[in-house]
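For reference, the chains in residue letters:
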Amino acid sequence: CMGLSDLDGFLTGIVIGPELIQPDEWMAVIWGNEEPKFESDAQRRMVFDTILGRCAEITICFDFDPYQFEPLFLEGPNGEVIVSDWAGGFLDAVALRPKAWGRLFIDRQAKIMIEPFLVLNGDAELPARPDGAADEAKFFAEAPDLISTCVLGIHEFWKKSRRRPKSAPRRDQRSKR
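In what follows, the accompanying structure is described. (Residues numbered from 1 in each chain as written. Predicted model: local features only at pLDDT ≥ 70, side-chain atom pairs only at ≥ 80, totals over all residues. Heavy atoms only, no water.)

## A word on the packing of helix H1 (residues 4–16) against helix H2 (residues 23–30)
In a pair of packed helices, the angle between the axes and the distance between the axes together describe the arrangement. Interaxial distance between H1 and H2 falls to 11 Å at its minimum, and their mutual angle equals 155°. With respect to H2, the axis of H1 lies roughly antiparallel. As H1 runs across H2, the sense of the crossing is right-handed. Here H1 contributes Leu7, Phe10, Leu11 and Ile14 to the contact with H2, which in turn contributes Trp26, Val29 and Ile30. Residues of the contact of H1 with H2, tallied by class, amount to seven nonpolar, no polar and no charged. (Axes fitted to C-alpha atoms, helices over the stretch in contact; angles between N-to-C directions. Helix = DSSP H or I, 4+ residues; strand = E, 2+ residues; numbered from the N terminus. Parallel < 35°, antiparallel > 145°, perpendicular 65-115°, else oblique. Left-handed = near helix turned anticlockwise from the far one by under 90°. Contact = heavy atoms within 4.5 Å. Nonpolar A, V, L, I, M, F, W, Y, C, P; charged D, E, K, R; others polar.)

Here it is as structure tokens:
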């Protein structure tokens, strides 16, 4: 079962992703494909309504004012912000439609926006500086703002690609009509 931060990243990936995914499909992922036992129907409804409510909140935010989006990151015992769980949840959403997300990964400029998620999830290495070292402390300190910026960029990438019209017929095809 996902924790709160993982769940928030997951729902964000579902909302801003390239394809609509129905709740019955993504809800199973939240539970690890095995729905938990609830004490009552009321408790079950409350949990489902809370999850769907957060999903609706994220959707409304990205539909009307994406710059107001605030990810729910965990906070460590010393007040440090923990972003890796959120990034892992986001990548779980990506994994539901890897082929559709592939366009982002092959676009040279857009790929830059997903790389911090991969680093935070342990799926990629932090790029080295010219001296060969990686500044991990700086990366992790900036990760919360970086992730928020990347999420906005990914949202814009998919929004623009959805608006982009199918390629117009070539001249020789138009003359045959």
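## With respect to the pattern of salt bridges
For the structure shown, the criterion picks out six salt bridges. Among the salt bridges present, the one from aspartate 8 reaches arginine 54, with a minimum N-O distance of 2.5 Å. Of the two residues, aspartate 8 is situated in helix H1 and arginine 54 in helix H3 (residues 41–64); the sequence distance between them amounts to 46 residues. Take aspartate 8 and arginine 54: they sit in the same class, and that class is buried. A single network of salt bridges, built from pairs that share partners, joins Asp8, Arg54 and Glu57. (Salt bridge = Lys/Arg side-chain N within 4 Å of Asp/Glu carboxyl O. Buried < 20%, exposed > 50% of the residue type's maximum accessible area, 1.4 Å probe, protein only.)

## Thoughts on the environment of glycine 89
Along the polypeptide, glycine 89 turns up in helix H4 (residues 84–96). We classify glycine 89 as buried; its relative accessible area is 0%. Along the chain, glycine 89 and aspartate 6 lie 83 residues apart, while their C-alpha atoms are 4.2 Å from each other. With near-sequence residues (within four places) excluded, glycine 89 lies in contact with Asp6, Gly9 and Phe10.

## A short note on the packing of H2 against H3
Their axes nearest at 12 Å, the elements H2 and H3 cross at an angle of 115°. In this view, H2 runs roughly perpendicular relative to H3, as classed from their interaxial angle. Considering the relative orientation of H2 and H3, their crossing is right-handed. Every residue of H3 that contacts H2 at Pro23, Trp26, Met27 and Ile30 is listed here: Phe48, Ile51, Leu52 and Cys55. Along the lines of polarity and charge, the residues of the contact of H2 with H3 split into eight nonpolar, no polar and no charged.

## Some thoughts on the nonpolar core
Of all hydrophobic cores here, the largest spans 45 residues; its most connected members are Phe10, Trp26, Ile30, Phe90, Phe117, Val151 and Ile154. Of all the elements in the fold, those that place two or more residues in this core are H1, H2, H3, H4, helix H5 (98–106), helix H6 (108–120) and helix H7 (136–163). Looking at this core element by element, the count peaks at nine residues for H7. (Core = buried A, V, L, I, M, F, W, Y, C linked by side-chain atoms within 4.5 Å.)

## Topic: the packing of aromatic side chains
All chains considered together, the criterion is met by 14 aromatic pairs. Relative to tryptophan 158, the ring of phenylalanine 157 has its centre 4.8 Å away and its plane inclined at 75°; by these criteria the two rings are edge-to-face. Each member of the pair, phenylalanine 157 as well as tryptophan 158, is classed as buried. The ring centre of phenylalanine 48 lies 4.3 Å from the NZ or CZ of arginine 44, which sits over that ring. (Phe/Tyr/Trp six-rings, centres within 6.5 Å; stacked < 30°, edge-to-face > 60°. Lys NZ or Arg CZ within 6 Å of the ring centre and 35° of its normal.)

Read these as geometric descriptors, not functional statements.
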